[in-house]
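Chain by chain, the residues run as shown.
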Amino acid sequence: MADLTIVGCGNLGSALINGLAAAGGHDVTAYDVDEAALERVAPYAARTTTDVETAMASDTVVVAVKPDIVGAVLSEFDLSADQTLVTVAAGVSRNYVAARTDATVVRVMPNLAAETQDMAAAVTWDEVDEDVRVMLADLGSFVEIEEELMDTATALNGSGPAFVFYTIQAMTEGALAEGMDETAAETLAAQTVKGAAETVLRSDRSVDDLIDAVCSPNGTTIEGMEVLWDSQFADAMGAALAAATRRSREMAAERADE
Ligand SMILES: NC(=O)c1ccc[n+]([C@@H]2O[C@H](COP(=O)([O-])OP(=O)(O)OC[C@H]3O[C@@H](n4cnc5c(N)ncnc54)[C@H](OP(=O)(O)O)[C@@H]3O)[C@@H](O)[C@H]2O)c1
């Protein structure tokens, strides 16, 4: 059974722990300085601890603390060359981490859908680490990218859930304005996004072809699509991605100065 430690059981760390518990087959140690955070994840982890020695015993250690305290955590963890350290922090480079540990460093940009095993993750490694590969596959889907694109991944799949939540909210509000109640509207909007995403992932057809398939001539969808094509929607989404990417680069530059 693959053993790993999650360091920091906040938003992301707890999502990883819950997702791995649902997947099964992982021996997870949860480590945090916050006892309340440990209590929340205790039902989903093999063990919880505030002891660094216990946390350091796993083959794989995932550091899921805020970017500005990654350096402090790494100074407490004395890992060996046969261990793997996974960093998930926005704007923290593999070089920054590798300078502070003997472990093999893998950089991952995950997202909170780890909780439901629907995570989209980007990974950068020198070579495939089998335990990390299994962990990522059990939590959802992952793609391997060059590290220079990690800022883009931070925006796309790290921050992306918020952009999609906002889209769901806009669709819901559109239905509310037409008189539907909020619970029904939100359920239909969210399930529609989930179904459309599944279609894109499973289909060999291009997104343009998929849009065409929903747009029958003189039908309802084409009326709505004409509005979207004439709007700034695509530009706004592009600008949101660019802004988040820029912020990730800024954070990386701040770390590089340390
Ligand atoms: N949230 C996301 O959607 C997301 C997506 C992709 C990547 N990430 C990355 O994941 C990392 C964690 O983000 P988050 O949103 O999960 O942060 P978070 O909710 O603040 O969780 C961090 C946890 O680490 C604990 N902690 C603080 N100092 C510690 C130490 N020295 N040793 C062990 N644990 C310590 C915190 O306790 P206290 O609360 O007591 O400080 C907290 O429970 C960040 O680097 C972020 O860039 C997050």
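Residues numbered from 1 in each chain as written. Predicted model: local features only at pLDDT ≥ 70, side-chain atom pairs only at ≥ 80, totals over all residues.

Caption draft 1: The overall build of the protein chain, seen in detail. Across its full length, the protein chain holds 12 helices and 8 strands. Taking the principal axes of the C-alpha coordinates as reference, the protein chain spans close to 65 × 40 × 30 Å. Residues counted as buried form 32% of the 258 residues belonging to the protein chain. Across the protein chain, the fraction of contacts at a sequence separation of at least 24, relative to all contacts at a separation of at least 6, is 56%. (Helix = DSSP H or I, 4+ residues; strand = E, 2+ residues; numbered from the N terminus. Buried ≥ 20, exposed ≤ 12 C-beta atoms within 10 Å, placed from the backbone. Contact = placed C-beta atoms within 7 Å.)

Caption draft 2: Fine view of the environment of Ala 64. Within the element layout of this structure, Ala 64 appears in the loop between strand S4 (60-63) and helix H4 (70-76). By C-beta crowding, Ala 64 is classed as buried, having 26 other C-beta atoms within 10 Å. When the C-alpha positions of Ala 64 and Ile 211 are compared, they lie 38 Å apart, and in sequence the two are 147 residues distant. When near neighbours in sequence (up to four residues on either side) are disregarded, Ala 64 contacts Ile 6, Val 7, Gly 8, Leu 12, Gly 13, Leu 16 and Val 88.

Caption draft 3: Quick look at the site of the ligand. Taken together, 26 residues surround the ligand, and among them Gly 8, Gly 10, Leu 12, Asp 34 and Ala 89 come closest. In terms of residue count, the dominant contributor to the shell around the ligand is helix H1 (residues 11-23) (3 residues). Looking at the shell around the ligand residue by residue, the classes come out as 17 nonpolar, 6 polar and 3 charged. (Near = placed C-beta within 6 Å. Nonpolar A, V, L, I, M, F, W, Y, C, P; charged D, E, K, R; others polar.)

Caption draft 4: Main features of the packing of helix H7 (residues 150-158) against helix H12 (residues 233-256). At a minimum axis distance of 8 Å, the contact between H7 and H12 shows a crossing angle of 130 degrees. Put simply, H7 runs oblique to H12. Seen from above, H7 lies across H12 with right-handed handedness. Note on element contacts: H12 touches H7 through Leu 241, Ala 244, Thr 245, Ser 248, Arg 249 and Ala 252, opposite Asp 151, Thr 152, Thr 154, Ala 155 and Leu 156. Residue composition of the contact of H7 with H12, grouped by class: 5 nonpolar, 4 polar and 2 charged. (Axes fitted to C-alpha atoms, helices over the stretch in contact; angles between N-to-C directions. Parallel < 35°, antiparallel > 145°, perpendicular 65-115°, else oblique. Left-handed = near helix turned anticlockwise from the far one by under 90°.)

Caption draft 5: Structural view of H7. Of all 9 residues in H7, 7 are buried; the element is thus mostly enclosed. Within H7, burial applies to Met 150, Asp 151, Ala 153, Thr 154, Ala 155, Asn 157 and Gly 158. Structurally, H7 contributes buried residues whose contacts are with strand S6 (104-109), strand S7 (119-124), helix H8 (160-177) and H12.

Caption draft 6: Fine view of the pairing of S7. Of all 6 residues making up S7, 6 are buried, and the element is well covered by its neighbours. Of the two faces of S7, both are covered, the one formed by Met 119, Ala 121 and Val 123 as well as the one formed by Ala 120, Ala 122 and Thr 124. Of the strand pairs in this sheet, S6 and S7 are connected by 3 bridges, and their pairing is antiparallel. The residue of S7 that forms the bridge with Met 109 is Ala 122. As defined by bridge partners, S7 adjoins strand S8 (residues 140-144) across 5 bridges and the pair is classed as parallel. Of the residues in S8, the one forming a bridge with Ala 120 is Ser 141. For the crossover from S7 across helix H6 (residues 130-139) to S8, the handedness is right-handed. (Pairing = 2+ DSSP bridges. Right-handed = clockwise from strand over helix to strand, strands pointing away.)

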